[in-house]
Amino acid sequence: MSVSTVEKDPAELTCTPGPAAGVEVITPREVPLGGPRAMTVRRTLPSRARSLIGAWCFVDHYGPDPVAGPGGSGGMVVPPHPHTGLQTVSWLFTGEIEHRDSAGHHAMVRPGEVNLMSAGRGISHSEVSTAAATTLHGAQLWVALPDHARDGAPGFTHHAPEPVERPGLEARVFLGSLLGVTSPVPTATPLLGAELLIQPGASVSLDVDPSFEHGVLVDTGALAVAGTPAAAHDLVYLPPGADHLDLQAGPDPVRVLLLGGPPFGESIVMWWNFVGRTHEEVVAHRAAWQAQVEGGPDGSTYVDGRFGVPTGDQRAPIPAPPMPHVRLRERR
Ligand code: MN
């Protein structure tokens, strides 16, 4: 699911690979996603200080949010919307979300199982929490596709990793390699994605690829990440250069997502649900989507086009917001 897509006024975002001076603790900003009872997410990427960690370019963290009752979010209902140039990586701690896309994929997003959707040159999809989801808790992540892959065919991969146990640690490696386990999910650039459960007070030292930069998104608990204190909801950035990562849990159980990859090395332009390379490209993506949303000359709405129509979803699509009145800037 791409919860960002219902954001009313998406900021213009530009990405640039900056010098990795050292460890950074990125605190989240709260982003309301719109709608009458909509949920609010905690966004740590992109942030003022950092746009990318490897190819990871978007980190939204949400919940646990009750779905029903007073104060409930009403669940997640994200009608059809487009993407280009990125992969969405959906990871749930609690709940269930139904995914449908224009490449014909229909899948359930469930806790502990990764769903990776490649937009490539263009896809549209919808994400709706199911009646089984009384609480929603998870992360919506995006990966920027490199130049050689960003105009490729759309695709979808599901994988349920076997948990790996070590003293004080349980890990689920959903992308890349960690603890001698390699995810079968193919990626366009080297990536790491894993959920780690660390017992209270436990110290864990993980062998990692020194060419990778890493991000540790703290879901629950407090810990020291390479000696730097981090609280729930922080994203801790670690520059390349270390061949191991030390995690020291505080007095409560800790759950984190560990993300990584080599510095991306390409500039991207990110706006709404699109990742491109130039302002003009994003303007063209928006126009192509609006042509579908606004329909053909006969006044019909939601016609097929560059992004297709999700199979089996009759909901009205989400129109793109107006472009900002300034040029979109590149981010590295
Ligand atoms: Mn989406």
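Residues numbered from 1 in each chain as written. Predicted model: local features only at pLDDT ≥ 70, side-chain atom pairs only at ≥ 80, totals over all residues. Heavy atoms only, no water.

The domains assigned to the protein chain are domain 1 (33–160) and domain 2 (161–266). Of the residues lining the interface, 31 residues belong to domain 1; the matching set on domain 2 comes to 33 residues. Together, the buried faces of domain 1 and domain 2 total about 2700 Å²; carbon and sulfur atoms form 74% of this surface. On the domain 1 side of the contact with domain 2, I53, W56 and W91 bury the most area, a combined 22% of that side's loss. R50 is the partner of E213 in a salt bridge, and the nearest nitrogen-oxygen pair spans 4.0 Å. (Domains from an automatic or database assignment. Contact = heavy atoms within 4.5 Å. Buried area = accessible area lost by both parts, 1.4 Å probe. Salt bridge = Lys/Arg side-chain N within 4 Å of Asp/Glu carboxyl O.)

Taken in spatial order, the 4 strands make up an open sheet running 19-24-21-22, and their pairing is antiparallel. At either margin of the open sheet sits one strand with a lone partner, and together these are strand 19 (203–207) and strand 22 (228–230). Going from strand to strand, the sheet's axes swing by 25 degrees on average, the running direction of each strand aside. Relative to strand 24 (residues 244–249), strand 21 (residues 223–225) runs antiparallel, the two sharing 3 bridges. When the sheet's bridge partners are listed, L223 is paired in strand 24 with A249. (Pairing = 2+ DSSP bridges. Helix = DSSP H or I, 4+ residues; strand = E, 2+ residues; numbered from the N terminus. Axes fitted to C-alpha atoms, helices over the stretch in contact; angles between N-to-C directions.)

Moving on to empty space enclosed by the protein. For the structure on display, the rule yields 2 cavities of 30 Å³ or more. For the second largest cavity, the calculated volume is near 30 Å³. Here the residues of the lining of the second largest cavity sort into 1 nonpolar, 4 polar and 5 charged. (1 Å grid on protein atoms, 1.4 Å probe; cavity = no way out; pocket = protein on both sides within 12 Å on 5 of 7 lines; lining within 4 Å. Points joined across faces, edges and corners; volume = space filled by probe spheres on them. Nonpolar A, V, L, I, M, F, W, Y, C, P; charged D, E, K, R; others polar.)

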